[in-house]
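Tertiary structure, described
Each chain is listed here by its residues.
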There are 2 protein chains.
Amino acid sequence: MNDTAQQFTTRQTAVLDAALSLLVDGGEKALTTAAIAKEAGCSKESLYKWFGDRDALLAAIISRQASKVRIPQAPKLSFTEMALHEALVDFAHNLLQVICSEVSIALNRLAISQASKGDYTLGKTLLNRGRGHIGAQTTVLLRQAEAAGFLKFDSAEAAYQVLYGLVLQDIQLRVLLGDSLRPEEQNLKQLAEVAVNHFLKLYQTN
Amino acid sequence: MNDTAQQFTTRQTAVLDAALSLLVDGGEKALTTAAIAKEAGCSKESLYKWFGDRDALLAAIISRQASKVRIPQAPKLSFTEMALHEALVDFAHNLLQVICSEVSIALNRLAISQASKGDYTLGKTLLNRGRGHIGAQTTVLLRQAEAAGFLKFDSAEAAYQVLYGLVLQDIQLRVLLGDSLRPEEQNLKQLAEVAVNHFLKLYQTN
DNA sequence: CAGGAACCGTACCGTACGGTACTGATTATT
DNA sequence: AATAATCAGTACCGTACGGTACGGTTCCTG
């Protein structure tokens, strides 16, 4: 698994953007090498010269996009309980927004589709760069909150998992399967609030 | 969306079983009409006569399998708090087992793959017959527990969603992407216990 | 026994797509 | 200016697969 960030030329990033655009609003079916070349305004031959083969191009798309996940804002060195609450809600809200975005849906579908064909590299990349990254950062935040005496848990990682579950519930799976959010779920900010309140009820000290 | 349970002849169910078997241990790539016919010991022509086309056959696979979800054991008319706990753990454990099963993984991947191609019928079927079914049953259980004074919540459906999130966390997405469960997650029974305890801490009255 | 339905096996067709080869134009280099 | 390199555009090839056609066999029915 190659997790080192590669550098692409501007020409190549243009190709990746074009491909992502096609994927997002045409589905996997629209992501043919010919279509990508046309959209990017280059020849198929150049595609193959720059990326090797189709799978490598797909990997480049995911690798590039997954590393764009926004890192939860740097936890302040000294923070209050309210600041913790706010930081968690911000994290949850951001997570919901990402998960429900067209781009995230398209990329996850693509990776799962590849997994269904026996190739797990895209999925691993997505997990490592996407979830792993954001998870690690948030775990740090939780540990700081514990050190400050606001939270109490055995394992920060386990607590993070609980938070993750409380926030996403089955929303991600549903959107991947093609379900649309119910009206009362449209308000992502409120969903985030509720999830964080639940989380704090489980782990807050006082 | 056709959600009425269709009846298949034994010959046809044999085909569906063969196809599911192929899908589970060969991935979507192995699910060609020729392979299905060979595995089922029939001709391609019969396949098309019986199911119409490939998509209809896929729909039949999912439709048939999704309706096999085990309904949470009938809630007893009068039950204790311990019985509620046990029923919830049983539900959670069962849910985890299903979600981590090869069959569930393969079917969800297939449905998501189709969604990536712009066809959401498989996904809808999976949601309606699988998650919808089991969810509705469990919501009934929660309502009974509320009536008995054990639980307190505004919306049983929302409470069910929280339970769902606490149980699954990100496990389903991870297995769909090809991740394997971490060692400490292998013990599904214990995961279920922890999730239910969290749930009760959030919603128990006393 | 005769007629027909069901169905297997196989051959076949059309198409879509990944990947490659060639050509001509444009740009960079000396 | 001459040569080399890059690349768009297009044509082409091989293969895989969905779907169909057909001949032959089995089995049921009158």
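Provided above is the structure to which this section pertains.
Residues numbered from 1 in each chain as written. Chains lettered and ligands numbered in written order. Predicted model: local features only at pLDDT ≥ 70, side-chain atom pairs only at ≥ 80, totals over all residues. Heavy atoms only, no water.

Notes on the relation of the copies chain B and chain A
What counts, and what does not: Copies are brought into register by a least-squares superposition over C-alpha atoms of residues with pLDDT of at least 70 in both. In this description, contact between two residues means that some pair of their heavy atoms is separated by no more than 4.5 Å.
Structural alignment of chain B on chain A gives an RMSD of 0.1 Å, achieved by rotating through 180° and translating 0.0 Å along the axis. The superposition operator between the copies reduces to a two-fold rotation axis. A symmetric contact is evident, with 100% of the interface residues of chain B recurring at the interface of chain A.

Examining the protein's contact with DNA strand D
So the rule is basically this: Nearness of a residue to a molecule or strand requires only that one of the residue's heavy atoms be within 4 Å of it. Polar contacts, as counted here, are pairs of nitrogen or oxygen atoms within 3.5 Å of one another; within protein the pair requires one atom able to donate a hydrogen and one able to accept it, and residues that are adjacent in sequence qualify only if both atoms are side-chain atoms. Going along the chain from the N terminus, every DSSP run of H or I of four or more residues is numbered as a helix, and every run of E of two or more is numbered as a strand. Residue polarity is assigned by list, with Asp, Glu, Lys and Arg as charged and Ala, Val, Leu, Ile, Met, Phe, Trp, Tyr, Cys and Pro as nonpolar; anything else, Gly included, falls into the polar class.
Close contacts around DNA strand D come from 15 residues, with Arg11(A), Ser46(A), Lys44(B), Glu45(B) and Arg54(B) the closest. Among all atoms of DNA strand D positioned within 4 Å of the protein, those belonging to sugar or phosphate total 56%. Between Ser43(A) and DNA strand D, the recorded distance is 2.9 Å, taken from a backbone N or O atom to a phosphate oxygen. Measuring from a phosphate oxygen of DNA strand D, one finds a backbone N or O atom of Thr33(B) at 3.0 Å. Going through the elements one at a time, α3 (44-51) of chain A together with α3 (44-51) of chain B are the ones with two or more residues in the surface near DNA strand D. The element best represented in the surface near DNA strand D is α3(A), accounting for four residues. Of the residues in the surface near DNA strand D, the class split is three nonpolar, five polar and seven charged.

A look at helix α5 (residues 81-100) of chain B
An α-helix turns once every 3.6 residues. As a result, residues three or four positions apart point the same way. Residue and element names in this part refer to chain B. To keep things clear, this is the line we draw: For a helix, the expected span equals 1.5 Å multiplied by the residue count minus one. Burial classes: relative accessible area under 20% of the type maximum marks a residue as buried, over 50% as exposed, and values in between as partly exposed (1.4 Å probe, protein chains only).
When the terminal C-alpha atoms of α5 are compared, their 29 Å separation across 20 residues agrees well with the 28 Å that a helix rising 1.5 Å per residue should span. Those residues of α5 lying buried are Ala83, Leu84, Ala87, Leu88, Val89, Phe91, Ala92, His93, Asn94, Leu95, Leu96 and Ile99. Residues of α5 that are buried sit in contact with α6 (102-116), α7 (121-147), α8 (156-168), α9 (171-177) and α10 (188-203). With a side-chain oxygen lying 3.3 Å from the backbone nitrogen of Met82, the N-terminal cap of α5 falls on Thr80.

Describing the protein's contact with DNA strand C
In the vicinity of DNA strand C there are 14 residues, among which Lys44(A), Glu45(A), Arg11(B), Ser43(B) and Ser46(B) approach most closely. Sugar and phosphate atoms represent 56% of those atoms of DNA strand C found within 4 Å of the protein. Residue Glu45(A) places a side-chain N or O atom 2.5 Å away from a base nitrogen belonging to DNA strand C. One of the side-chain N or O atoms of Tyr48(A) is found 3.1 Å from a phosphate oxygen in DNA strand C. Mapped by element, the contributors of at least two residues to the surface near DNA strand C are α3 of chain A together with α3 of chain B.

Some points on unusual backbone geometry
With a phi close to 50°, Gln169(A) is a non-glycine residue in the positive phi region. Looking at where Gln169(A) falls in the secondary structure, it is placed in the loop between α8 (156-168) and α9 (171-177).

Some points on the nonpolar core
Here is the rule we go by: Nonpolar core, defined: a set of buried Ala, Val, Leu, Ile, Met, Phe, Trp, Tyr and Cys residues in which side-chain atoms within 4.5 Å join the residues together.
Counting 140 residues, the largest nonpolar core has Leu151(A), Phe199(A), Leu151(B) and Phe199(B) as its most contacted members. Aside from chain neighbours lying at most four places away, what touches Leu151(B) is Leu84(B), Leu142(B), Ala145(B), Glu146(B), Phe199(B), Leu200(B), Tyr203(B), Gln204(B) and Thr205(B).

A few points about the interface of chain B and chain A
Note the threshold: Two parts lose some accessible area (1.4 Å probe) when they are put together, and adding that loss for both gives the buried area. Counted as salt bridges are all cases of a side-chain nitrogen of Lys or Arg within 4 Å of a carboxyl oxygen of Asp or Glu.
Each side of the interface is counted separately: chain B has 38 residues, and chain A has 38 residues. Surface buried jointly by chain B and chain A totals about 3700 Å² across both partners, of which 61% is contributed by carbon and sulfur atoms. By the criterion of area lost to chain A, the three top residues of chain B are Ile112(B), Leu177(B) and Leu202(B), representing 18% of everything that side buries. Seen at the junction of chain B and chain A, the total is two salt bridges. At the surface where chain B touches chain A, the tally comes to eleven residue pairs in polar contact (both at pLDDT 80 or more). If you list the elements that add at least two residues to the side of chain B that touches chain A, you get α6, α7, α8, α9 and α10 of chain B. With seven residues, the top contributor of residues to the side of chain B that touches chain A is α6(B). For the side of chain B that touches chain A, a count of residues per class yields 14 nonpolar, eleven polar and 13 charged.

By themselves, these observations are geometric and do not establish any function.
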